[in-house]
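Observations on the model geometry
Here are the chains, one letter per residue:
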Amino acid sequence: MSASLFLAWRGVPHIVIEKHEGSALHPRAMGFTERTMEYFTAVGLGGQVPQVAPGTRLRRAVVESLAGHWGRETLWTPDGGAPARGDLVTPHTGAAIPQDKLEPILRARAAALGSQLLQGTELTSFEQDEDGVTAVVRSRQTGEERAIRADYLVAADGASSGIREALGIAREGVGHLRTVHSVLFRCPEADPFLECGFQQFEIEQGEVRAFLTSYGDGRWVLMRTDGQELDELQLAPFIRSCLGKDFAFDIITTGRWEMAGRVATKYSMGRVFLAGDAAHQLPPTRGGFGANTGIDDVWNLSWKLAMVIDGTSSPALLETYDAERRPIGWLRHQQTFARPDYAKWLKGPMEPQPLMGDVAMELGQLHRSAAVIGASDDLPPAAHPFDWAGQPGVRAPYLEMTTSAGSMSTLDLVGKQFTLFAEASVWIEATARVSASSNVPILAVHVGRDAQANLDEVHQRFGMTSAGACLVRPDGIVGWRSVGGVPDAEAALRTALHKLASLR
Ligand SMILES: Cc1cc2nc3c(=O)[nH]c(=O)nc-3n(C[C@H](O)[C@H](O)[C@H](O)COP(=O)(O)OP(=O)(O)OC[C@H]3O[C@@H](n4cnc5c(N)ncnc54)[C@H](O)[C@@H]3O)c2cc1C
């Protein structure tokens, strides 16, 4: 749905094929990151996806039962979880919303922007040739089949992706670790326990180990890793003992999911692109490396598809999707198992990984490809945005600015088109000429004139002097930067734009 939303927002006509009629009865994801909220805000969903209050952090405790003895607090990311300087790097706080409540919001916005969604329709096969992809889809209700011809196919068909399998793309990683059984139940009487600020509970009761968490709307989910299939009659006393009190509850449904780590060895083949769990299967962590990583994938892919489909860029731009996103999939795989929650399930040794903090992982991942100029191989894969200081390949720095349209942040100015930030007029004039001659819209932000800000802070966050310039790609990633200015601004900007957008 995020792929559809972002493509629709960028004006790319497309059809979504979804075999189910609606959202799954058993939601999975609940935690959506600040970065995801930046994307949703960009496409006009800012007010519709409620964000957590500033300063709120996800807290987890080891308990005998919810109503019984509470022990120590445990952290998903030891020492790295605190949002150190976090409030200064993004205006967003992330969202705690169950997937089945978020999906209709995404669906409605995508539809309003022109997305065509075929629910209850299954993709049964596809073929690609030099000019496009032909997909055969079948209505699950009528059995009617039809062929759809498209320029490209995005395989967002989940961890067991039939499209990935048909392409013969292998996966690597730690593989299957455990099958987790869950039971979703309604128990509003337990909700007052959330008022203490804890949302997740690791049950340790004698030999029993379970994980209890809430969707914040009276629904709770209890997960077990003992591998046993239990029916509702057996689950009821188990739920009761984990709650630790005789609360009334209704079992809604049960589920199972595979705790596994697998990353595709290729994210694209010809005209087909893997995204989301089809590309990387990662267990749920505090970092939200599951759905959020997939949303990140398609944010990265959507502007590239838009520019290639409208004829501005050559298809070479699409090769940067695999180059940029697969190393990030791997980084997230390695970081998942560098954290104690999942390290304990590993079946064999794994090379020790330096633990990266949550802010670095959410807002400071490095992208390296032909669509970034100046991200050398010796740079770390992620770091705090302040430490990056405007490094090409990293999300553009966040800074509040005052413009004639009122107060806005750098994040409000990037995201749809290329954006150039500079103080020197020569860059602003060069931008107008390069934009006109290449027919690529570039928003020139004249810092200190049209956009007022503390200039020392601008220099620090963007890592440039008052003679420099920073060119941000349509996905908000710094594509190129001139730290201290150049003799011929127009030539430098034109060369940079042509290279990083693979202009035809
Ligand atoms: C318990 C649990 C908690 C989680 N919590 C979080 C969290 O808090 N934050 C987070 O970021 N991630 C979380 N995750 C991970 C997250 O749920 C997944 O990463 C995410 O849902 C993957 O989205 P996707 O669209 O790639 O794949 P899916 O959600 O699997 O969607 C794939 C879709 O493709 C459809 N499909 C498949 N084949 C076909 C076909 N042939 N034709 C038509 N349609 C087809 C399916 O019906 C399905 O709707 C959690 C996972 C679990 C199990």
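So, how was this worked out
- Throughout this document, residue positions are counted from 1 along each chain, in the order its sequence is written.
- Reporting in this predicted model follows two pLDDT cut-offs: at least 70 for local features of residues, and 80 or more for side-chain atom pairs to be given and counted; totals over whole chains, interfaces and linings ignore these cut-offs and use all residues.
- Excluded from the side-chain calculation are hydrogens and water; included are all heavy atoms of the structure.
- UniProt positions are given in the numbering used here, feature names are shortened, and annotations may be inferred rather than shown by experiment.
- Helical segments are the DSSP runs of H or I of at least four residues, strand segments are the runs of E of at least two, and each set is numbered from the N terminus.
- The reference for a compact globule is 2.2 Å times residues^0.38; the radius of gyration itself is calculated from the C-alpha atoms.
- Buried residues are those whose accessible area, probed at 1.4 Å on protein chains only, stays under 20% of the maximum for their type, while exposed residues exceed 50% and partly exposed ones sit between those limits.
- Throughout, a contact is declared for two residues whenever any of their heavy atoms are within 4.5 Å.
- Shrake-Rupley sampling with a 1.4 Å probe provides the accessible areas, and residues are treated as covered by the protein chains on show and by no other component.
- His is not counted, nor are the chain ends; Lys and Arg add positive charge and Asp and Glu add negative charge.
- Here the site of a charge means atom NZ of a Lys, CZ of an Arg, CG of an Asp or CD of a Glu.
- When DSSP finds at least two bridges between two strands, those strands are taken to pair.
- Axes, fitted as lines to C-alpha atoms, cover a helix only where it is in contact. Angles between the N-to-C directions of the axes lie from 0 to 180 degrees.
- A cutoff of 4 Å decides nearness: a residue is near a molecule or strand if any of its heavy atoms lies inside that distance of it.
- Polar contacts here mean pairs of N or O atoms no more than 3.5 Å apart (in protein, one a potential hydrogen donor and the other a potential acceptor; neighbouring residues in sequence count only if both atoms are side-chain atoms).
- Residues are sorted three ways: Asp, Glu, Lys and Arg are charged, Ala, Val, Leu, Ile, Met, Phe, Trp, Tyr, Cys and Pro are nonpolar, and all the rest, Gly among them, are polar.
- For a helix, the expected span equals 1.5 Å multiplied by the residue count minus one.
- By the definition adopted for this analysis, an angle is roughly parallel if under 35 degrees, roughly antiparallel if over 145, roughly perpendicular if from 65 to 115, and oblique otherwise.
- Crossing handedness is read from the near helix: turned anticlockwise from the far helix by less than a right angle, it gives a left-handed crossing, and turned clockwise, a right-handed one.

As recorded in an unreviewed UniProt entry, the chain goes by the name FAD-dependent oxidoreductase, listed as coming from Ideonella lacteola. If you open the UniProt record of the chain and go to Cofactor (unreviewed entry), you find "FAD".

1. A look at the overall build of the chain
When its secondary structure is counted, the chain shows 14 helices and 24 strands. For 504 residues, the compact-globule formula gives about 23 Å, and the C-alpha radius of gyration of the chain, at 24 Å, lands near that figure. A total of 504 residues make up the chain; the buried ones form 53% of that total. Considering only contacts within the chain whose residues lie at least 6 apart along the sequence, 70% involve residues at least 24 apart. Summed over its atoms, the accessible surface of the chain is roughly 21500 Å², and 51% of this surface lies on carbon and sulfur atoms. Across the chain, 48 positive and 59 negative side-chain charges occur, with their mean positions spaced 1 Å apart.

2. Observations concerning the sheet that holds strand E17 (residues 272-274)
A sheet is described by the order of its strands in space; here 3 strands give the open sequence E10-E17-E16, paired in mixed fashion. With partners counted over all chains shown, the strands left at the sheet margins are strand E10 (153-155) and strand E16 (268-269), one partner each. Pairing of E10 with E17, which is carried by 3 bridges, proceeds in the parallel orientation. By the bridge assignment for E17, valine 154 is matched with phenylalanine 273.

3. Some words on the sheet that holds strand E11 (residues 171-186)
The mixed open sheet is built from 8 strands, whose spatial order is E4-E3-E12-E13-E14-E11-E15-E18. Each end of this open sheet is capped by a strand with a single partner; those strands are strand E4 (70-74) and strand E18 (280-281). As judged from the 6 bridges shared by E11 and strand E14 (residues 219-224), these two strands associate in the antiparallel manner. Counterpart to serine 182 in the pairing with E14 is methionine 223. Packed onto the sheet, helix H7 (residues 316-338) meets E11 and strand E15 (250-264) and runs at close to 115° relative to E15.

4. Some words on the site of the ligand
Lining the immediate surroundings of the ligand are 24 residues, of which Glu18, Arg28, Asp277, Ala291 and Asn292 lie closest. One of the backbone N or O atoms of lysine 19 is found 3.1 Å from a nitrogen atom in the ligand. One nitrogen or oxygen atom from the main chain of methionine 30 is found 3.1 Å from an oxygen atom belonging to the ligand. Relative to its unbound accessible surface of 1000 Å², the ligand loses 81% to contact with the protein. Looking at the shell around the ligand, the elements with two or more residues in it are strand E1 (15-18), strand E7 (121-128) and helix H6 (291-309). Examining the composition of the shell around the ligand, we find that 3 residues originate from one element, E7, more than from any other. Of the residues that constitute the shell around the ligand, the class distribution is 9 nonpolar, 9 polar and 6 charged.

5. Some details on unusual backbone geometry
Positive phi outside glycine occurs at asparagine 439, with the angle close to 65°. Secondary-structure assignment places asparagine 439 in the loop between helix H12 (425-438) and strand E22 (442-446). Assessed through its relative accessible area of 64%, asparagine 439 is described here as exposed. In this structure, serine 502 takes a positive phi of about 45° despite not being glycine.

6. Some words on the environment of aspartate 129
As for its position among the elements, aspartate 129 is in the loop between E7 and strand E8 (133-139). With a relative accessible area of 39%, aspartate 129 lands in the partly exposed category. As a C-alpha pair, aspartate 129 and phenylalanine 6 span 123 residues in sequence and 26 Å in three-dimensional space. Here aspartate 129 is in contact with Arg149 and Arg271, once residues within four sequence places are set aside.

7. Quick look at H12
The terminal C-alpha atoms of H12 lie 20 Å apart, and with 14 residues this matches the ideal 20 Å at 1.5 Å per residue to within 8%. Check the buried side of H12 and you find it contacts strand E21 (418-422), E22, strand E23 (469-472), strand E24 (478-482) and helix H14 (489-500). The first or second residue beyond H12 is asparagine 439, which carries a positive phi of 65°.

8. Re the side chain of serine 435
Along the polypeptide, serine 435 turns up in helix H12. With residues up to four places along the chain from it excluded, the contact list for serine 435 reads Val440, Pro441 and Ile442.

9. Re the pairing of E4
Looking at chain direction, strand E3 (residues 60-63) and E4 are connected through 3 bridges and run antiparallel. Counted as the bridge partner of alanine 61 is glutamate 73 from E4. Hairpin connection of E3 to E4: 6 residues between the antiparallel strands.

10. Some points on helix H5 (residues 232-243)
Between its first and last C-alpha, H5 extends 16 Å over 12 residues, near the 16 Å set by a 1.5 Å rise per residue. Taken as a whole, H5 has its buried residues at Leu235, Ala236, Phe238, Ile239, Cys242 and Leu243. The backbone nitrogen of leucine 233 lies 3.1 Å from a side-chain oxygen of the residue at the head of H5, namely aspartate 231. Of the residues trailing H5, glycine 244 is marked for its positive phi of about 80°.

11. Some points on the packing of helix H2 (residues 34-42) against H6
Following both chains from N to C, one finds H2 and H6 inclined at 45°, their axes separated by 10 Å at the closest point. Here H6 runs oblique to H2, going by the angle between their axes. Judged by the sense of rotation from one axis to the other, the crossing of H2 with H6 is left-handed. Each of Arg35, Thr36, Tyr39, Phe40 and Ala42 in H2 lies in contact with H6, whose residues at this interface are Asn292, Ile295, Asp296 and Trp299. Partitioning the contact of H2 with H6 into residue classes produces 5 nonpolar, 2 polar and 2 charged.

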